[in-house]
Structure formats: C-alpha cells, structure tokens
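Residue-level listing of the chains:
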Amino acid sequence: MAVRDGRKAVRFVLVGGFLGAGKTTTLCELGKRLAATGLRVGVITNDQADDLVDSGWARLSNLPVAEIAGGCFCCKFDDLVQSCEELLTAIDPDVILAEPVGSCTDLSATVIQPLRKFYGEWFTVLPYAVLVDPERVESTLRGPGADGDVGYLFRKQLEEADLIVLSKLDLLPPAESDRLQGLLRAVFPETPVVAFSARTGAGFDDWWRQVQAGEVVGGRILDIDYDTYADAEAALGWLNATVALSAPRGFDGSALASDLLQRVRAGAAAVGAEIGHVKLLLNASEGTLRAGFVTAASELDQTGSLSGAVCAATLTFNARVAMPPEDLAALVRQALGAAAAAAGATADVTRLQSFRPGRPNPTHRF
C-alpha cells in the first residue's frame, strides 16, 4: 500500500446517490462502526450552499466533519483536497468518508481519477457506491419521470457506480426488495447490486465487505452532455435556511417540524413542482430531531427525539424542489410562519439562501 510520511494511505470512501437516498445516514453509521473498532474517521459533506442539515447531523454522531459549500466536489476539487489536509492535520484519520451533492454526477472522471493520479500516496480510494432510494427506482427509471431532468441525473449517477445499493431496506417487504434489485440489475447488468438498511444494519456488513474487497474503482467514465447536466441541475430550486425558534411557554418541536414539512409539501404539490428532497434539523437543549421526505408521496421520516416542551431551538432547513428559487423561498417563509404560529412559537429567519445551481465546471476531468 502507498505510504504518506511513513504511514499507510488513508482510505477514501465516496458514497453518492440522488437527493434523499440516505447518504448521510449511511456515512454516520459506517463512521460509528469504524470508530468503534479503534479507527480514526473524518467526514466531508458537500452542498451548493452552507447551513446544511447533513453536516449538523454528522457532527451529532461525534465524528469530525468538514463541509464544502458553494459547489460540487468536482468543481471544488481543490477545496476537497484542502479539507482532507485539515482532517489529516487535526486527527490523522485512517478513513475519510465523503458525501457529494445529491444532484452531482460524473464523479469518477472529476473526483476519483484525479485523487488517484495526483494524491495516490495520500489516499487509497475504495469502490464508488451509489445509493438508490426505493421510492425513486421504478418511477425514475421507467415511469413518467424517466425522461425528465431528475431522471437524467438519476440514471447518470447509476451508470457510473462501481456498486449500486438499494437503501432503506427496512422500509421494504422482502419480495419488493427482490423485485427492485432485479429491475436495477436488468437496467445496469454489468454493475453489482446489493441492498441494506443503515438504520437496522440489515445487509450493512455485507455491503462494506464488498466495498473493501472491490477491485474496480471509478471504473466507469460517463458519456455525458454537460449542457443537459447543467439544465437538469438548474431545474431544481435550492434553499438552505437557519431559523431561531422560541416560545416562553414552550412548543411541541415534533409537531412543529411535521406541520412545517407538510405545508411545504402541499405548497409544492399545488403548483405541480417535483420534489428532490425537503429536510430539517431541530436542535434544542431538549434533544435533536431530524425529519424530512424525498417525494410528494413519501411518508415523513423522523430520527431523534425531543423531551418535553421546547422553549428555544435552532432550525436548519434544506429544500430541493423544481420551482423558481424566489417562489420556493416564499413558500418556505409562509409555511414556517404558519407552522410557528400554530405551535405558539416565534420564528426568526437568521439566514436564508435560495438559488439555482450554476453550471458544473470541473477542476479536472479524465
């Protein structure tokens, strides 16, 4: 194995997948498992803007986290290397876990190959796993969304995977899991397909063994039209916000979170806007709650808990919805005001960014 100042190269694990596929949950679970064996683990998250739910959640797992905002890993490659250097200096990690932007693709050519070529003495890059949310498989590969913007990104992400992972296995009956894995194998016959649940652990160890044993790393370079890619990303309105919530007599944090998410979902549905994902992190002295959904029809997903009435909390809110950014911002502000009022709370928006992602411009492309 390559050495770095007399030490073994750091294992670099890139886990991709479309918005809401479960990347953060997967990396947090993997990080905790690796740390429990005595390994030092760092995490790098990535987004088009800061105020990221995923970074906040990863930090709660007691893992050192670096966040790269303002563009994808491919366009911020030098920032990715700098973040790795900072983790190397701070904790001398054995493993770095990296989560790219959920709308990003072409990572084999723009991230994996440059890391291996220019920083091969630093890193041993492991096979690239791409996660798939069960709710998107059929509709995005064969349904009405297959030819749309989301469908293009979704398919390209899977085309370049070294390993395709059907995530959230705990939500599926065994027969449905088998059927969806069969569909993925039929569409991508040359790519191994596995399934796991990061929450229950079902299939998780088998997946990690396959990643460690895999010999193909970044083996599929995409034939991709960057004009189409740019248009597909720009179809999504992008919103990140931080909000201070308060109520002298306290409020029900779980109820407020659910109400807010449902109001945003209803507002998007009213204008026929396709949802990439909508999620939030509510952090208070009474606990922490993460909640969200990935499609217009999906159930709300909640992790964590809050004990008793909440008097003050910080809310981090992220939304990726196919609507004009200004309309998305107006929708979220309206939903937030209504949900806070219904809960008897006051909402002070301390920071809000809403925009369309810019055209991808990779630092390197092999």
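Residues numbered from 1 in each chain as written. Predicted model: local features only at pLDDT ≥ 70, side-chain atom pairs only at ≥ 80, totals over all residues. Heavy atoms only, no water.

A.B. asks: Even after reading the chapter, I still don't get the nonpolar core, so can you show me in this structure?
C.D. replies: A general feature of soluble globular proteins is that nonpolar side chains tend to end up buried together. Counting 55 residues, the largest nonpolar core has Phe12, Ile44, Leu80 and Leu184 as the members making the most contacts within it. Counting residues per element, this core draws most heavily on helix H3 (residues 77–91), at six residues. Counting residues in each nonpolar core, the second largest holds 37 residues, with Val243, Leu282, Phe293 and Ala313 among its members. (Core = buried A, V, L, I, M, F, W, Y, C linked by side-chain atoms within 4.5 Å. Buried < 20%, exposed > 50% of the residue type's maximum accessible area, 1.4 Å probe, protein only. Helix = DSSP H or I, 4+ residues; strand = E, 2+ residues; numbered from the N terminus.)

A.B. asks: Help me understand the pattern of salt bridges, please; the structure alone is not making it clear to me.
C.D. replies: If charged atoms from side chains of opposite charge come close, those side chains can pair. One pass over the full model with this rule turns up 16 salt bridges. Across the salt bridge formed by Glu29 and Arg33, the nearest N and O atoms sit 2.7 Å from each other. Taken together, the residues span about one helical turn, with Glu29 and Arg33 both in helix H1 (residues 23–36) at a distance of four residues. On the accessibility criterion, Arg33 (28% relative accessible area) is partly exposed. In this structure, Asp54 engages Lys279 in a salt bridge whose closest nitrogen and oxygen atoms are separated by 2.6 Å. In this pair, Asp54 is assigned in helix H2 (residues 53–60) and Lys279 in strand E12 (residues 275–284), connecting sequence segments 225 residues apart. In this structure Asp54 comes out as buried when scored by relative accessible area, which is 6%. Accessibility expressed as a relative area gives 15% for Lys279, which makes it buried. Connected via shared salt-bridge partners are Glu29, Arg33 and Asp205. (Salt bridge = Lys/Arg side-chain N within 4 Å of Asp/Glu carboxyl O.)

A.B. asks: I tried to follow the packing of aromatic side chains on my own but got confused; where do I start?
C.D. replies: We describe a pair of aromatic rings using the distance from one ring centre to the other and the angle between the two ring planes. All chains considered together, the criterion is met by 10 aromatic pairs. Positioned above the aromatic ring of Phe293 is the side chain of Arg265, whose terminal nitrogen or guanidinium carbon lies 4.2 Å from the ring centre. (Phe/Tyr/Trp six-rings, centres within 6.5 Å; stacked < 30°, edge-to-face > 60°. Lys NZ or Arg CZ within 6 Å of the ring centre and 35° of its normal.)

A.B. asks: Can you walk me through the side chain of Thr24 in this structure?
C.D. replies: Assignment of secondary structure puts Thr24 in helix H1. Residue contacts for Thr24: discarding those within four places in its chain leaves Asp54, Trp57, Glu99 and Arg290. (Contact = heavy atoms within 4.5 Å.)

A.B. asks: Hey, could you run me through the packing of helix H6 (residues 149–159) against helix H9 (residues 226–234) in this one?
C.D. replies: Between two packed helices, what matters for the description is the angle formed by their axes and the separation of those axes. As a packed pair, H6 and H9 sit with axes 8 Å apart at the nearest point and diverge in direction by 120°. Between H6 and H9, the angle is such that the two are oblique. In this structure, H6 meets H9 at a crossing whose hand is left-handed. For the pair H6 and H9, the contacting residues are Asp149, Tyr152 and Leu153 in the first and Thr228, Tyr229, Asp231, Ala232 and Glu233 in the second. Tallied by class, residues from the contact of H6 with H9 come to four nonpolar, one polar and three charged. (Axes fitted to C-alpha atoms, helices over the stretch in contact; angles between N-to-C directions. Parallel < 35°, antiparallel > 145°, perpendicular 65-115°, else oblique. Left-handed = near helix turned anticlockwise from the far one by under 90°. Nonpolar A, V, L, I, M, F, W, Y, C, P; charged D, E, K, R; others polar.)

A.B. asks: Would you take a moment to explain the sheet that holds strand E16 (residues 346–355) for this structure?
C.D. replies: Strands belonging to one sheet form pairs held by backbone hydrogen bonds; the direction of such a pair is parallel or antiparallel. Strand order in this open sheet of six strands is E14-E13-E12-E15-E11-E16, and the pairing throughout is antiparallel. The sheet is open, and its two borders are formed by strand E14 (301–306) and E16, each paired with just one other strand. When strand polarity is set aside, the average angle formed by the axes of neighbouring strands in this sheet is 10°. Direction of pairing for E12 relative to strand E13 (residues 287–293): antiparallel, over a ladder of seven bridges. (Pairing = 2+ DSSP bridges.)

A.B. asks: Is there a simple way to think about H3 in this case?
C.D. replies: Residue pairs spaced three or four apart in an α-helix point in one direction, given the helix's 3.6 residues per turn. Helix length check: H3 (15 residues) gives 21 Å between terminal C-alpha atoms against 21 Å at 1.5 Å per residue, within 8%. Along H3, the residues that are buried comprise Phe77, Leu80, Val81, Ser83, Cys84, Leu87 and Leu88. All buried residues of H3 lie within an arc of 160° about the axis, which places them on one face of the element. Exposed residues pointing more than 90 degrees away from the buried face of H3 are listed as Thr89 and Ala90. Once H3 finishes, Asp92 follows within two positions and takes phi at roughly 45°, a positive value. (Expected span 1.5 Å × (residues − 1). Arc of directions from axis to C-beta.)

A.B. asks: What am I meant to see in the environment of Gly253 here?
C.D. replies: Its place among the elements puts Gly253 in helix H10 (residues 253–270). Classification of Gly253 as buried rests on a relative accessible area of 2%. For the pair Gly253 and Ala309, spaced 56 residues apart in sequence, the C-alpha separation works out to 7.2 Å. In contact with Gly253, not counting residues within four places along its chain, are Leu282, Leu289, Leu306 and Val310.

A.B. asks: How do you make sense of the packing of H10 against helix H11 (residues 325–343) when you look at a structure like this?
C.D. replies: Taken N-terminus to C-terminus, the directions of H10 and H11 make an angle of 145°; their axes are 9 Å apart at the nearest point. Crossing of H10 over H11 shows right-handed handedness. Between H10 and H11, the residues in contact are Leu256, Asp259, Leu260, Arg263, Val264, Gly267 and Ala268 and Leu331, Val332, Ala335, Leu336, Ala338, Ala339, Ala340, Ala342 and Ala343, respectively. Residues belonging to the contact of H10 with H11 are distributed by class as follows: 13 nonpolar, one polar and two charged.

A.B. asks: Explain the state of the cysteines to me, please; I cannot follow it from the model alone.
C.D. replies: Linking two cysteines covalently via their sulfur atoms produces the bond known as a disulfide. Per the counting criterion, the structure on display carries zero disulfides. Between Cys28, a cysteine without a disulfide, and Cys84, which holds the nearest cysteine sulfur, the sulfur-to-sulfur distance is 17 Å. The exposure class assigned to Cys28 is buried, which follows from its relative accessible area of 4%. The cysteine Cys74 is free of any disulfide, with Cys75 supplying the nearest cysteine sulfur at 3.7 Å. (Disulfide = S-S within 2.5 Å.)

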